[in-house]
Amino acid sequence: MSVRPRLPARPGTIGRREALIGGLCLCCLPAALRAAPAGPIATVEVAPGLHVRRGLDQEATEENLGGIANIGFIVGRDSVLVTDPGGSLADGEALRAAISRTTDLPIRYVVLSHAHPDHIFGAGAFQQDSPEFVGHARLPQALARNGDYYRQRLEEILGPGRAGPVVMPTLTVDATAEIDLGGRVVAMTAHGIAHTDNDLSLVDRATGTLLPADLLFVGRVPSLDGSLKGWLKELGALKALPVTRAVPGHGPESVDWPAGSADLERYLGVLLAETRQAVADNIGIEAAIETVGASERGRWALYDDYAGRNVTKAYKELEWE
Amino acid sequence: MRSLLLAVAVCGATALTSFAAGATQDEAERLERWRDLQPEFFGERTPQDGGDMVALDAPVRAEDASLVPITVTVANDQNITGLYVVVDDNPGPLAARVSFGPAGDPSVLKLRVRVNQYTLIHAVAETADGALYETAQFVKAAGGCSAPVGADEAAALAEMGRMKLRLGGDVVLGQPVEAQLMIRHPNFNGMQMDQLTRMYTPMRFVRSIDVTYNGVQVFHLDGDISLSTDPVIGFGFVPMEKGQMKVVVRDSDDAVFEESFDIPAQGS
């Protein structure tokens with residue numbers, strides 16, 4: 001299976017350019033076409049029976065329907081597992097259409113990798129299949145806390161009723177668990193606080209593929225909503241897994257593993273070291289936002305949209321060390 | 001619109017910046033809002049232009065609306081006995097009212113506040129004879145009050161009352177030194193809804209902070225729901241001898257948290 005390594009970005013160019021290219025394609029569609037029911041989305045079979053839709057390196061918009069995260073599905077002998085249902089009801093419907101174009105097998109499992117809206121609001125499209133919705137043991141409380149808030153904000157972008165419902169998991173994982181799709185076992189791990197406090201990763205053993213969702217960002221700037229130190233710890237554990245390929249939550253459909261973790265680990269390491277130094281030097285948060293991570297600017301799409309928030313988050317964590 | 005998208009997109013944000021919020025307000029409405037607020041805090045008194053006397057530094061566009069760092073500096077601090085920080089358009093506008101004691105140093109005060117919508121933030125210095133001097137800055141941030149409770153608040157609740165004191169350099173007797181007091185407290189403002197129960201997380205916030213040095217008052221702070229989770233207060237004080245800084249924090253549930261810090265001072 002081909003792996004698509006990301007070329008190094010030139011400072012200050014890649015984020016805007018990628019956003020522009022993606023945005024133009026969709027914006028230029030006639031309005032009537034955009035409003036039509038979503039057809040199946042294009043997916044890539046990164047390994048036998050493992051299909052991935054690459055999310056756009058953009059923020060959610062009316063045009064992209066929240067299709068900004070990598071989502072996909074795994075086909076076993078007996079059933080199908082959805083690796084994340086997508087960023088809106090329409091995104092989920094388009095994924096479901098892509099699945100039915102590929103296989104007639106029933107969709108028995110829909111994994112909700114974590115509570116962020118770009119990964120889970122497609123879940124409503126799969127309720128008709130009565131699958132198990134699978135999530136981290138802390139996912140229910142995170143959705144209870146934030147789900148309606150996310151939904152309201154998403155509807156401000158997509159329009160009333162177009163975000164999709166907040167779907168609660170029917171099956172939760174508090175450590176590890178396995179799902180058998182028929183001759184194909186998917187192992188699940190509930191992680192400690194990292195990207196969020198409810199990250200669930202998958203390993204498709206048949207193809208030696210890790211699906212870490214947003215525990216892995218490639219090319220698009222990571223967003224920190226849990227614990228910086230925790231994320232580095234969990235990333236270290238993921239790197240030790242005996243797999244050769246990973247599907248990032250954002251970025252290419254597939255990267256070599258563990259090589260594909262290098263950029264993220266470097267970014268998180270810089271954020272940790274430089275924020276910790278700023279705290280030690282009594283540099284305030286505002287000044288730290290200006291200085292921390294300067295070497296990373298230009299290496300990531302959407303960098304300026306998230307970098308300051310990440311520093312703020314890291315600072316809040318590290319000042320209590 | 002871009003910042004609105006940003007908050008939704010990935011990131012679980014505990015804050016939301018939006019061009020829409022507060023955008024209808026014009027300059028005249030903001031001034032009227034400020035005039036309407038004044039009697040509550042100042043009674044019959046009207047603040048005058050602070051000119052060079054009092055300055056407020058805040059980010060024009062905040063990275064995180066639930067944690068907007070602000071710095072108030074006072075040029076001629078000899079007569080200053082108190083400072084007010086008001087986030088005009090917040091549901092509870094008064095972020096903090098600080099009165100300085102004999103061991104205090106009003107020259108600098110740093111706070112972290114929540115911002116609910118685009119707003120003016122006012123800093124007002126009060127002199128011993130009751131005169132008031134104001135300055136203001138417009139801040140673009142929104143959603144900092146109603147943003148859902150997250151892992152940060154959970155950590156704050158678990159360690160509620162833990163404190164740290166950081167000193168900005170060596171302490172020299174008789175010389176002002178800047179200190180940073182950090183208090184673990186969720187400062188729940190009662191506006192965060194639990195979507196499962198449809199109940200709001202009950203309000204529980206830091207009501208007052210008293211800091212003394214060897215028994216002499218450094219400052220007294222009256223807080224409110226506009227202070228961020230885990231309040232952090234930067235302040236000056238003048239140690240006249242080696243000693244101990246004592247902090248007493250009271251919250252709206254009448255819980256009392258106390259901590260003492262030995263100050264390693266060098267003679268001058």
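Along every chain, residues carry numbers that run from 1 in the direction the sequence is written. Key to labels: chains lettered from A, ligands numbered from 1, both in the order written. Totals for whole chains, interfaces and linings use all residues, but because this is a predicted model, local features are given only for residues with pLDDT of at least 70 and pairs of side-chain atoms are given and counted only at 80 or more.

K.L.:
Looking at this structure, I do not really get the overall build of chain B. What am I missing?
P.N.:
The helix and strand inventory of chain B stands at 3 helices and 19 strands. Here the C-beta atoms are placed from the backbone, and a residue counts as buried if at least 20 other C-beta atoms lie within 10 Å of its own, exposed if 12 or fewer do, and partly exposed otherwise. Burial statistics for chain B: of 268 residues in total, 47% are counted as buried. The long-range share in chain B, meaning contacts at least 24 apart out of those at least 6 apart in sequence, stands at 69%. Helix and strand definitions here come from DSSP, where helices need a minimum of 4 consecutive H or I residues and strands a minimum of 2 consecutive E residues; each element is numbered from the N-terminal end. A residue pair is marked as a contact if its C-beta atoms, positioned from the backbone, fall within 7 Å.

K.L.:
Looking at this model, I keep getting lost on the packing of helix H7 (residues 262–280) of chain A against helix H9 (residues 303–318) of chain A. Mind explaining?
P.N.:
A packed helix pair is summarised by two numbers, namely the angle formed by the two axes and the spacing between the axes. Residues and elements named next belong to chain A. Relative orientation of the contacting elements H7 and H9 amounts to 60 degrees, with a least axis distance of 9 Å. Accordingly, the angle class assigned to the pair H7 and H9 is oblique. The hand of the H7/H9 crossing is right-handed. Here Leu-271, Leu-272, Thr-275, Arg-276 and Val-279 of H7 come into contact with H9, specifically with Asn-310, Val-311, Ala-314, Tyr-315 and Leu-318. Orientation is described by axes fitted as lines to C-alpha atoms, over the contacting stretch for helices, and by angles from 0 to 180 degrees between their N-to-C directions. Any angle that is under 35 degrees is reported as roughly parallel, and any over 145 degrees as roughly antiparallel; angles of 65 to 115 degrees are reported as roughly perpendicular and all others as oblique. Two helices cross in a left-handed way if the nearer one is turned anticlockwise from the farther one by less than a right angle. They cross in a right-handed way if the turn is clockwise.

K.L.:
Can you walk me through the pairing of strand E2 (residues 50–53) of chain A in this structure?
P.N.:
Along any regular strand the residues' side chains alternate between the sheet's two faces. Residue and element names in this part refer to chain A. Of the two faces of E2, both are covered, the one formed by Leu-50 and Val-52 as well as the one formed by His-51 and Arg-53. Pairing between strands is defined by DSSP: at least two bridges between them are needed. Strand direction decides the pairing type here: strand E1 (residues 44–47) and E2, joined by 3 bridges, are antiparallel. Residue pairing in the sheet places Val-44 in a bridge with Val-52 of E2. Connecting the antiparallel pair E1 and E2 is a turn made up of 2 residues, with Gly-49 showing a positive phi of about 75 degrees. Alignment of E2 against strand E3 (residues 71–75), held across 4 bridges, turns out to be antiparallel. Within the sheet, the bridge partner assigned to Leu-50 lies in E3 and is Ile-74.

K.L.:
How should the environment of Thr-73 of chain B be read in this particular structure?
P.N.:
All names here are of chain B. Here Thr-73 shows up in strand E3 (residues 68–74). A residue is classified by how many C-beta atoms lie within 10 Å of it, and Thr-73, with 18 of them, is partly exposed. Considering only alpha carbons, one finds Thr-73 and Val-54, 19 residues apart in sequence, at a separation of 5.8 Å. Residue contacts for Thr-73: discarding those within four places in its chain leaves Ala-55, Ser-107 and Val-108.

K.L.:
Got a minute to help me understand the pairing of strand E15 (residues 216–223) of chain B in this structure?
P.N.:
All names here are of chain B. Here strand E5 (residues 94–100) pairs with E15 via 5 bridges, running antiparallel. Bridging from a neighbouring strand, Phe-100 pairs with Phe-219 of E15. In terms of strand pairing, strand E14 (residues 206–213) meets E15 through 6 bridges, oriented antiparallel. Looking at E15, one finds that Thr-212 is bridged to Gln-217. Between the antiparallel neighbours E14 and E15 lie 2 residues, among them Asn-214 with a positive phi of about 50 degrees.

K.L.:
Explain the nonpolar core to me, please; I cannot follow it from the model alone.
P.N.:
What tends to happen in soluble globular proteins is that the nonpolar side chains get buried as a cluster. Nonpolar cores are built from buried Ala, Val, Leu, Ile, Met, Phe, Trp, Tyr and Cys residues. These are joined into a set through C-beta atoms within 7 Å. One finds Leu-81, Val-82, Val-110 and Val-111 of chain A to be the most contacted residues of the largest nonpolar core, which totals 91 residues. A per-element tally of this core places helix H5 (residues 139–158) of chain A first, with 8 residues. Not counting residues up to four positions away in its chain, the partners in contact with Val-110 of chain A are Val-82, Pro-85, Ala-123, Phe-126, Pro-131, Phe-133 and Val-134 of chain A. Within the second largest apolar cluster, 55 residues are counted, among which are Ala-58, Val-85, Leu-181 and Phe-235 of chain B.

K.L.:
Please explain the confidence of the model for chain A as it appears in this structure.
P.N.:
Do not read the fine detail of predicted coordinates wherever pLDDT is low. Here pLDDT means the predictor's own confidence in every residue, given as a number from 0 to 100. With 88% of its residues at a pLDDT of 70 or more, chain A shows a mean pLDDT of 89. Between residues 1–37 of chain A, whose pLDDT stays under 50, and residues either more than four places distant or in other chains, the model counts 41 contacts.

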